[in-house]
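Architecture and fold: a report
Each chain, written out:
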Amino acid sequence: MANDAVRLEAVRKEYGELAALDGVSISFPRGGFTAVMGPSGSGKSTFLHCAAGLDRPTAGRVVLDGQDLGGKSETYLTKLRRDRVGFVFQAFNLLPALTVEQNVVLPLQLAGKRPDRRLVARILAHVGLDGRRKHLPGQLSGGQQQRVAIARALVTKPAVLFADEPTGALDTRTAADVLALLRDSVRSSGQTVIMVTHDPVAASYADAVVFLADGRIAGHLARPTAEAVAERMTHLGAWERMA
Ligand code: ADP
Ligand code: MG
């Protein structure tokens, strides 16, 4: 559908002999919060990188925000990602010498845009970092740093937000905080969030879960509970293959 935020059609990604993605077809409607789960090595990160235009599939088609990424130049993909896409990673990836506020406005500056002070203030308040804008990342807790990373991803008002294990480095309570924040961002702004996780509790914050196994779609779950997700993961043999 034209209204999909992201669509993959028969996407294949090979690393030498290995097919990390082996014919993945799926679409993500706009305004949804979807978790992508699967055993370690099942292709989750590869999937996210292909869907976000950070990596090119060996075969198949990726349509991101209405644009078929096939045949697009690196320059075009860089601009599309900068203008329409946000990223959050497990390791936060903040710049340690910049303050919270400077980290958050960085994507705007890189895009040559003047930061909208009111928007920045609103986003910082939204992530609960109003009083921390002059702090350096090293002066913050892990959860606060991840909230800075989310604020930075939201500041360009991306149509699609990709998150790879965003709560992987956080304790349970802090993770809950960050997940609620991601969920609220979807609800309040109509943004699309696609989050890779291996935590059933994290997945239960999403509207739907997509399971990957051996580079293929291995199932879906709507309105997931942590229990139902954990059961599916057990069925996929995920926990044995986690280590
Ligand atoms: P997941 O995120 O689910 O753990 P990945 O997408 O990282 O899985 O990896 C899927 C498979 O592709 C794994 O077997 C991994 O070793 C392999 N792989 C991923 N990236 C590369 C790469 N750059 N070069 C070679 N093999 C890779
Ligand atoms: Mg991964």
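Residues numbered from 1 in each chain as written. Chains lettered and ligands numbered in written order. Predicted model: local features only at pLDDT ≥ 70, side-chain atom pairs only at ≥ 80, totals over all residues.

**Here's the deal with the environment of Ala-203**
Here Ala-203 lies in helix α7 (residues 200–203). A C-alpha to C-alpha distance of 31 Å links Ala-203 and Thr-99, two positions 104 residues apart in sequence. Discounting chain neighbours no more than four positions away, the residues touching Ala-203 are Ala-35, Met-37, Thr-197, Val-209, Pro-224 and Val-229. (Helix = DSSP H or I, 4+ residues; strand = E, 2+ residues; numbered from the N terminus. Contact = placed C-beta atoms within 7 Å.)

**Remarks on the packing of helix α3 (residues 100–110) against helix α5 (residues 142–154)**
The description of two helices packed together rests on the angle between their axes and the distance between the axes. Closest axis-to-axis distance for the α3/α5 pair is 7 Å, and the angle between their directions is 30 degrees. α5 is crossed by α3, and the crossing has right-handed handedness. For the pair formed by α3 and α5, the contact residues are Val-100, Asn-103, Val-104, Leu-106 and Pro-107 on the first element and Val-148, Ala-151 and Arg-152 on the second. Across the contact of α3 with α5, the residue classes tally to six nonpolar, one polar and one charged. (Axes fitted to C-alpha atoms, helices over the stretch in contact; angles between N-to-C directions. Left-handed = near helix turned anticlockwise from the far one by under 90°. Nonpolar A, V, L, I, M, F, W, Y, C, P; charged D, E, K, R; others polar.)

**Things to note about the UniProt feature "domain: ABC transporter" (unreviewed entry) in the protein chain**
The residues that UniProt annotates with the feature "domain: ABC transporter" (unreviewed entry) are residues 6–239. Counting secondary structure, residues 6–239 comes out at 36% helix and 27% strand; the distance between its end C-alpha atoms is 29 Å. (UniProt positions renumbered as here; feature names shortened; annotations may be inferred.)

**Re the pairing of strand β2 (residues 18–29)**
In this sheet, β2 lies alongside strand β1 (residues 4–15) in antiparallel orientation, the contact comprising nine bridges. Looking across to β2, one finds that Val-6 is bridged to Phe-28. Turn length for the β1-β2 hairpin, with the two strands adjacent in sequence and antiparallel, is two residues, and the turn residue Gly-16 shows positive phi of about 60 degrees. (Pairing = 2+ DSSP bridges.)

**Overview of the sheet that holds strand β7 (residues 160–164)**
The strand order across the open sheet built from six strands is β6-β7-β8-β3-β9-β10, with neighbouring strands paired in mixed fashion. At either end of the open sheet lies a strand with only one pairing partner, and these are β6 (85–89) and β10 (216–222). The average angle at which neighbouring strand axes cross in this sheet is 20 degrees, direction not considered. Bridging between β6 and β7 involves five bridges; their strand directions are parallel. Counterpart to Val-88 in the pairing with β7 is Ala-163. In the packing of helix α6 (residues 172–189) onto the sheet, the strands contacted are β3 (33–37), β7 and β8 (192–196), and the crossing angle to β8 comes to about 155 degrees. The strands touched by helix α8 (residues 226–235) are β3, β9 (208–213) and β10; relative to β10, the strand with the most contacts, the crossing angle is about 160 degrees.

**What to know about the site of ligand 1**
Taken together, the neighbourhood of ligand 1 is formed by Tyr-15, Leu-18, Ala-20, Gly-38, Ser-40, Gly-41, Ser-42, Gly-43, Lys-44, Ser-45 and Thr-46. Counting only elements with at least two residues in the shell around ligand 1, the list comes to β2 and α1 (44–51). Looking at the shell around ligand 1 element by element, the count peaks at three residues for α1. Grouping the constituent residues of the shell around ligand 1 by class yields three nonpolar, seven polar and one charged. (Near = placed C-beta within 6 Å.)

**Brief notes about the environment of Trp-239**
The topology assignment puts Trp-239 in the segment after α8. Under the C-beta neighbour-count criterion, Trp-239 is labelled partly exposed, with 13 such atoms within 10 Å. Between the C-alpha atom of Trp-239 and that of Arg-84, which follows or precedes it by 155 residues, the distance is 35 Å. Ignoring any residue separated from it by four or fewer positions in sequence, one finds Trp-239 in contact with Met-233 and Thr-234. (Buried ≥ 20, exposed ≤ 12 C-beta atoms within 10 Å, placed from the backbone.)

**Some thoughts on α8**
Within α8 the residues assigned to the buried category are Val-229, Arg-232 and Met-233. Down the axis of α8, the buried set is contained in an arc of 100 degrees. They therefore lie on one face. Seen from the buried face of α8, the exposed residues on the opposite side, beyond 90 degrees, are Glu-227, Thr-234 and His-235. Looking at the packing, one finds that the buried side of α8 touches β3, α7, β9 and β10. Positive backbone phi, at 70 degrees, marks Gly-237, one or two positions downstream of α8. (Arc of directions from axis to C-beta.)

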